[in-house]
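So the chains spell out like this:
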Amino acid sequence: MKGLLVSGFAAIGAGSGAMLTLHAGSDLDPLHSVISEYVWQSAGWLLPASLTLFAAGAALMAEAMRRAGVNRWVVALLLVWGASMFLIGAFPTDRPGVPLSMSGGIHRYAAFVAFLVMPVAGMLLARANIRYAAAMRVLSGLALAALVMVVIPYVVRMFGIPLTNDDIPAGLTQRAVVVTELAVLTLAGLSMLKPSARRAVSPALA
């Protein structure tokens, strides 16, 4: 199981490195430009590569938790998050100003599912009083709050109010969700590394 966790950390680390490299080589404004737009940059292939690595890391950690006897709902939520990450990378968003396509729709709703399920998994783990439970609870709450900020502009546009990403810090709020959720996933994996912690979490979440 430790091998699964270490491999999961390696995948998440590699995915984060790819994401940072993509940002460093782009001239987009991270305050207003959402991460999905980076796929149209010269090194845009790094975006699906990064998201696929995140998906692999989540799957590896989910399997480690399954073997440790963690609640099946937590395991399922991590797998859903990983599958959503893969779909986000496999179905790129539309170019700015283009009507929503099937690929763009899958991308958008997969992102929403991913953003929603990880905080729920973090809250379930925190309720079991595992290691880092307090930090996981705070990060999950921050991720949910940031998700609300991400969703609000879409709701505003549904009422016909023109609102572009240049008017709001759309990139900042989206990155807040991604960073906090990756932190939740990382803490979930770290909580499983200590044998005594694994024994404690199993009966609490089984």
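Here is a short report on the structure shown in this document.

### A word on the overall build of the chain
Item 1. Assigned secondary structure in the chain consists of 7 helices and 0 strands.
Item 2. Starting at the N terminus and ending at the C terminus, the chain contains elements arranged as α-α-α-α-α-α-α.
Item 3. Over its C-alpha atoms the chain spans a radius of gyration of 17 Å, differing by no more than 12% from the 17 Å that the globule rule assigns to 206 residues.
Item 4. For the chain, the C-alpha atoms occupy an extent of roughly 55 × 35 × 25 Å along the three principal directions.
Item 5. By residue count, 44% of the 206 residues in the chain fall in the buried class.
Item 6. Of all intrachain contacts in the chain linking residues separated by at least 6 positions in sequence, the fraction that spans at least 24 positions is 73%.
Item 7. Carbon and sulfur atoms make up 70% of the accessible area of the chain, which totals about 10100 Å².

### Brief notes about a nonpolar patch on the surface
Item 1. On the surface, Val80, Phe112, Val113, Leu116 and Leu144 cluster together into a nonpolar patch covering about 340 Å² of accessible area.
Item 2. Examining the composition of the nonpolar patch, we find that 3 residues originate from one element, helix α4 (residues 102-127), more than from any other.
Item 3. Here Val113 is to be found in helix α4.
Item 4. Given the relative accessible area of 33%, Val113 is considered partly exposed.

### Quick look at the nonpolar core
Most often, soluble globular proteins have nonpolar side chains that are buried together.
Item 1. Core analysis: the largest hydrophobic core is formed by 45 residues, its most contacted members being Phe54, Met65, Trp81, Met85, Leu125 and Leu185.
Item 2. Contributions of two or more residues to this core are made by α1 (2-24), α2 (46-68), α3 (72-90), α4, α5 (133-158) and α6 (170-191).
Item 3. Sorting elements by how many residues they give to this core places α2 first, with 11 residues.
Item 4. By size, the runner-up hydrophobic cluster in this structure holds 5 residues, among which are Phe115, Ala146, Leu147 and Val177.

### Regarding the side chain of Glu181
Item 1. Locating Glu181 in the fold gives a position in helix α6.
Item 2. Put simply, Glu181 is tucked away with no salt bridge, and the nearest opposite charge, on Arg175, sits 14 Å away.
Item 3. With residues near it in sequence (within four places) discarded, Glu181 still touches Trp81, Ala114, Phe115, Leu116, Met118, Pro119 and Ala143.

### What about the environment of Met19?
Item 1. Note on placement: Met19 falls in helix α1.
Item 2. Those residues in contact with Met19, other than ones at most four positions away along the chain, are Ile35, Leu47, Ser50, Leu51 and Phe54.

### Quick word on the environment of Gly82
Item 1. You can see Gly82 is positioned in helix α3.
Item 2. For Gly82, a relative accessible area of 5% translates into the label buried.
Item 3. Discounting residues that sit within four places of it in the chain, Gly82 has contacts with Ala55 and Ala58.

### Remarks on α1
Item 1. Taking 1.5 Å per residue as the helical rise, α1 with its 23 residues ought to reach 33 Å, and the 33 Å between its terminal C-alpha atoms agrees with that figure.
Item 2. On its buried face, α1 is in contact with α2 and α6.

Cut-offs used in this document
- Residues numbered from 1 in each chain as written.
- Predicted model: local features only at pLDDT ≥ 70, side-chain atom pairs only at ≥ 80, totals over all residues.
- Heavy atoms only, no water.
- Helix = DSSP H or I, 4+ residues; strand = E, 2+ residues; numbered from the N terminus.
- Rg over C-alpha atoms; globule rule 2.2 N^0.38 Å.
- Buried < 20%, exposed > 50% of the residue type's maximum accessible area, 1.4 Å probe, protein only.
- Contact = heavy atoms within 4.5 Å.
- Areas by Shrake-Rupley, 256 points an atom, 1.4 Å probe, with all protein chains shown as cover.
- Patch = residues over 30% accessible without salt bridge, like charges linked within 9 Å, V, L, I, M, F, W, Y side chains within 5 Å.
- Salt bridge = Lys/Arg side-chain N within 4 Å of Asp/Glu carboxyl O.
- Core = buried A, V, L, I, M, F, W, Y, C linked by side-chain atoms within 4.5 Å.
- Lys, Arg positive; Asp, Glu negative; His and termini not counted.
- Expected span 1.5 Å × (residues − 1).

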